[in-house]
Amino acid sequence: MKIRHLLAAAPLALSLVCLHAQTQTSVAQIEHTFKTPPNDARVMVRWWWFGPAVVKPELLKELEQMKQGGFGGYEIQPVYPLALDDPQTGFRNLPYLSPEFLDDVGYVNREGDKLGLRANLTLASGWPYGGPHTPVTDAAAMIRELRAPLQPGQNSAPVPAIGNGEQLLAVFAGPADAAPSALRQLPLPAAGALRIDTSHLPAGSVLRWYVMTRTGQQVKRAAVDAEGFVLDHFSAEAVQKHLHDVADKLISAFGNQPPYSVFSDSLEVFEADWTPHLLAEFRSRRGYDLLPHLPELFSANPDAEALSVRHDWGLTLTELVDQNYLTPINQWAREHRTRFRSQTYGSPAVSLSSNALVDLPEGEGPQWQQFSFTRWATSASHVYGRPITSSETWTWLHSPAFRATPLDMKAEADRFFLQGINQLMAHGWAYSPPSVPEPGWSFYAAGVFNAHNPWWIVMPDVTSYFQRVSWILRQGQPANNVAIYLPEDDAYAAFTPGKVALTSVMPRWITPQLTQAVENAGYNFDYIDAKAIAARGIHYPVLIMPNVNRIAPATLAQIAAYVHNGGRVIAVGRIPAHAPGLENFAAVSQRVQAAAKSLFASDRSKLVSSAEDLPAALHAAVPQQFQLTPAAPEVGFIRRKLPEGEIYFIANTSNQPIKATMKLHTRYLAGEWLDPDSGATSPLHGSPLSCELDLPPYGSRILLLHTGAASPAAPPAGQETNLADLSSNWSVSFPGAAAPETMAHLSSWTDSQKTEFFSGVAVYRRAFTLPSAPAAGTSILLDFGQGTPTPEPPASREHPGMHALYDPPIREAAVVYVNGQRAGSLWHPPYRLDITHLLQPGKNTLEVRVANTAINELAGESRPDYRLLWARYGRRAVPQDMNHLAPVPSGLLGHITLVQQSAP
């Protein structure tokens, strides 16, 4: 029986233990396994089934390509159609959840399992959950305020029209500019009444009606027959109906081979802030009636009472989504012998600790130097002991589709690794029918990482890099030494109707300045919230409290105990002063103020005025973990603890080379560098207390430290001598060309009309003479030259993605052969290979297979006309940035030299 099936048949608690058991502790074990890590560390792909219009032969072909490309599994995501049905050709969009569709799901699961690929499945089409099975009475809900000014002498006013799925909650009256406390609540009109008596109201009064309505949001990017309302995530009934009508049918397709995980995409339930049972739930949980306070939710100038009510409203929403959405889906997954993977951020109001309710937290966003959904997920995993945290990776990478390069992938993925991610979910892989011309279909806003991409020739090497880094970041335990307290109570008080996402308002407190102050001071960090402190305590040397105002006395007491036991606290901007919610606000606030004053009277607690003062305060509290001289804020690190050692992943996130002296705070003086490209190891020369760090643009290194004596200092660098200039007289073969062409001087394919719009692989060939075999201790390097840094483009909300700011000398990837033997691939700096072992005295031949992107081919084609498709199905997605495409430089463009590197 395969391991996958053993895990599926065991209780989930056992499977999570098994995940922990993958950790290896001995240096020898780590070095050995690092060369060929287990398959479960491979990148997985989001597999878009457009329509879905899939056929089994193509499904099998793409599964085999995933395996060949070094991917470890897939997540089936049925989405919008890209073509109309055609009876003449047999092309057909299968209705979502139809028997034919479910049969294809089962087929893929069986065939993928034979290939060792892990199956994952979204429990819906598109996102968020919902669809045709969701009636308006189960749809996402919101509260609205309708204002109706009364005219002089007006004795009655119309009652707002209430449709199916809506509810009239309350009506208040008062002057237009009246504060909520000055408003008068009126009795609701009788059922069926069309008007309300206003004869008793003073002149100038304004009626304020409060109505529960539905957001009207439809499932985004839905497949055929999957369109419909987004469901109410606060409603147990709506969620259970979805599990019955959708999830049960999907899981049945897997038979006795359940998927590795089931998935909930980023919530994005826009404007959802209400549910039919909210008033009763609020009264039960908060101890008072929300109805008289409804005007305070909408006040433009909320006072302390209004802010407290908003806090209690937001907290209740979090409790409801935790109880009625996350918990039952996670339980459903366990009952069906799988795991629940969830992007638990966004709207509705999930908290950091909501991630504790799911088996596999997932993040999104490479923003490592500011507040991040990714760190939100990894922090929860670190605090609650989840060994694996995945990320939706490359979502908006280098738009438009097919423009992203392997270097772009690395530049973004390294930022995820710096935040603690150790499982990449590639966004993504587009299924393409055999009849679609190259380069095939693509998702409206994403990179394309399938075999239709010309630089697929290096994909196995690219995915091997990600696999090794993902695996190494699962070893040992997380070791960030700073925790940043999330002021969720303050964030709840900042909620307003239609805007109830903690992750949306949290950047007011977790600013880029705060984040960068901690990182640039030489530390990495996790977030922590009050619920996590209550459940797990504080296991970090330092806790930062950024401008925290509202906090529960119980949380302050736990922080005080942490300080008493040796912890250190740094408050930024202020110390807490107010109770979280409305209940006994004045009395509880007095307790908060007294407790905060006592806490910060300790010499282990400190108040600083701003983030600028944090580095000095941190250095006084705990030794600096990571230091570069000269300073290089573009370089990040993350540390893992082993029983007798440490692991550092270090990445240069900039387009400039970094050379600096590195000092680590560690008791381990021996170590090796682990090469994530090759899996090879090399000795650390010198002590980690002071050694040299050399990183190319977007370069990264892994340092494994352990017990033992420090190695001798690095020997002097050997001399480099240029043996030959190989930048001219290449023979270049393009597919379909009658004969190779001679390229006297290297130039872009786009410089020639014959190859301006060519996308694919061209083969460069030439020979050179080596008078004699390399001397002992001498290396011969094939150097393709330096790239050129490019400027940062203007920030744009419409184009939130990133890409490497670097024009490399190879556009975009190459596989090099020397004398007919593969020397290696080149897809990120430095663009040089050691070819010593492949050389021979006399004549030597070089073959360089160079691949570009598919953009050039697309730039030479007309764009599809979706007029009829949209007429039939509606405009479910619009391809991003596909107008005005232009070919980009391609081929070998650098100065190529043969370099001799002598021993020192």
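Bear in mind that the values here come from a model prediction, so they are computed numbers and not experimental data. (Residues numbered from 1 in each chain as written. Predicted model: local features only at pLDDT ≥ 70, side-chain atom pairs only at ≥ 80, totals over all residues. Heavy atoms only, no water.)

## Some remarks on unusual backbone geometry
Of all residues except glycine, most have a negative phi; of all peptide bonds, most are trans.
Argument step 1. Residue His-427 is joined to Gly-428 through a cis peptide bond whose omega torsion reads 0°.
Argument step 2. Relative to the helices and strands, Gly-428 is located in strand β16 (residues 423-430).
Argument step 3. Its identity as a non-glycine residue notwithstanding, Asp-225 has a phi of 65°, on the positive side.
Argument step 4. Examined against the element boundaries, Asp-225 turns out to sit in the loop between β10 (205-214) and β11 (229-230).
Argument step 5. Its relative accessible area of 42% is what places Asp-225 among the partly exposed residues. (Helix = DSSP H or I, 4+ residues; strand = E, 2+ residues; numbered from the N terminus. Buried < 20%, exposed > 50% of the residue type's maximum accessible area, 1.4 Å probe, protein only.)

## Points about helix α18 (residues 585-599)
Argument step 1. With 15 residues, α18 extends 21 Å between its outermost C-alpha atoms, agreeing within 8% with the 21 Å of an ideal straight helix rising 1.5 Å per residue.
Argument step 2. Along α18, the residues classified as buried are Phe-585, Val-588, Ser-589, Val-592, Ala-596 and Leu-599. Along the axis of α18, the buried positions cluster into a sector of 100°, meaning they face one direction only. When the buried face of α18 is taken as reference, the exposed residues oriented beyond 90 degrees from it are Ala-586, Gln-590, Arg-591, Lys-597 and Ser-598.
Argument step 3. If you follow the buried residues of α18, they end up packed against α9 (304-335), α17 (553-564) and β22 (605-608). (Expected span 1.5 Å × (residues − 1). Arc of directions from axis to C-beta. Contact = heavy atoms within 4.5 Å.)

## Observations regarding the nonpolar core
Argument step 1. The biggest cluster of nonpolar side chains holds 195 residues, and the ones touching the most others in it are Trp-274 and Tyr-764.
Argument step 2. At 10 residues, the largest contribution of residues to this core is made by α9.
Argument step 3. Setting aside residues no more than four positions away along its own chain, Tyr-764 makes contact with Trp-730, Ser-731, Val-732, Met-743, Leu-746, Trp-749, Leu-846, Glu-847, Val-848, Val-850, Gly-891 and Leu-892.
Argument step 4. Judged by nonpolar contacts, the second largest core, of 27 residues, contains Ile-528, Leu-543, Met-545 and Val-592. (Core = buried A, V, L, I, M, F, W, Y, C linked by side-chain atoms within 4.5 Å.)

## Focus: the confidence of the model for the chain
Argument step 1. With 97% of its residues at a pLDDT of 70 or more, the chain shows a mean pLDDT of 95.
Argument step 2. Taken as a whole, residues 1-21 scores under 50 in pLDDT and shows 29 contacts with residues more than four places along the chain or in a different chain. (pLDDT = per-residue confidence, 0-100.)

## With respect to the pattern of salt bridges
For side chains bearing opposite charge, pairing can occur when the charged atoms are close.
Argument step 1. Evaluation of the coordinates by the stated rule reveals 30 salt bridges.
Argument step 2. Residue Arg-341 is joined to Glu-75 by a salt bridge in which the shortest nitrogen-to-oxygen separation is 2.7 Å. With Arg-341 in strand β13 (residues 339-342) and Glu-75 in strand β2 (residues 73-79), the pair connects residues that are 266 residues apart, well separated along the chain. For the pair Arg-341 and Glu-75, one class covers both residues: buried.
Argument step 3. Note that Lys-220 and Glu-268 form a salt bridge whose closest N and O atoms lie 2.7 Å from each other. Of this pair, Lys-220 sits in the loop between β10 and β11 while Glu-268 sits in the loop between β12 (261-264) and α7 (278-286), placing them 48 residues apart in sequence. (Salt bridge = Lys/Arg side-chain N within 4 Å of Asp/Glu carboxyl O.)

## Concerning the sheet that holds strand β35 (residues 779-783)
Argument step 1. The four strands lie next to each other as β31-β44-β35-β41, forming an open sheet whose pairing is antiparallel. Sheet topology places β31 (720-725) and β41 (832-834) at the edges, where each strand pairs with a single neighbour. Taken over all neighbouring pairs, the strand axes of this sheet differ in orientation by 25° on average, direction set aside.
Argument step 2. Pairing between β31 and strand β44 (residues 897-901): five bridges, direction antiparallel. Residue pairing in the sheet places Asp-725 in a bridge with Thr-897 of β44. (Pairing = 2+ DSSP bridges. Axes fitted to C-alpha atoms, helices over the stretch in contact; angles between N-to-C directions.)

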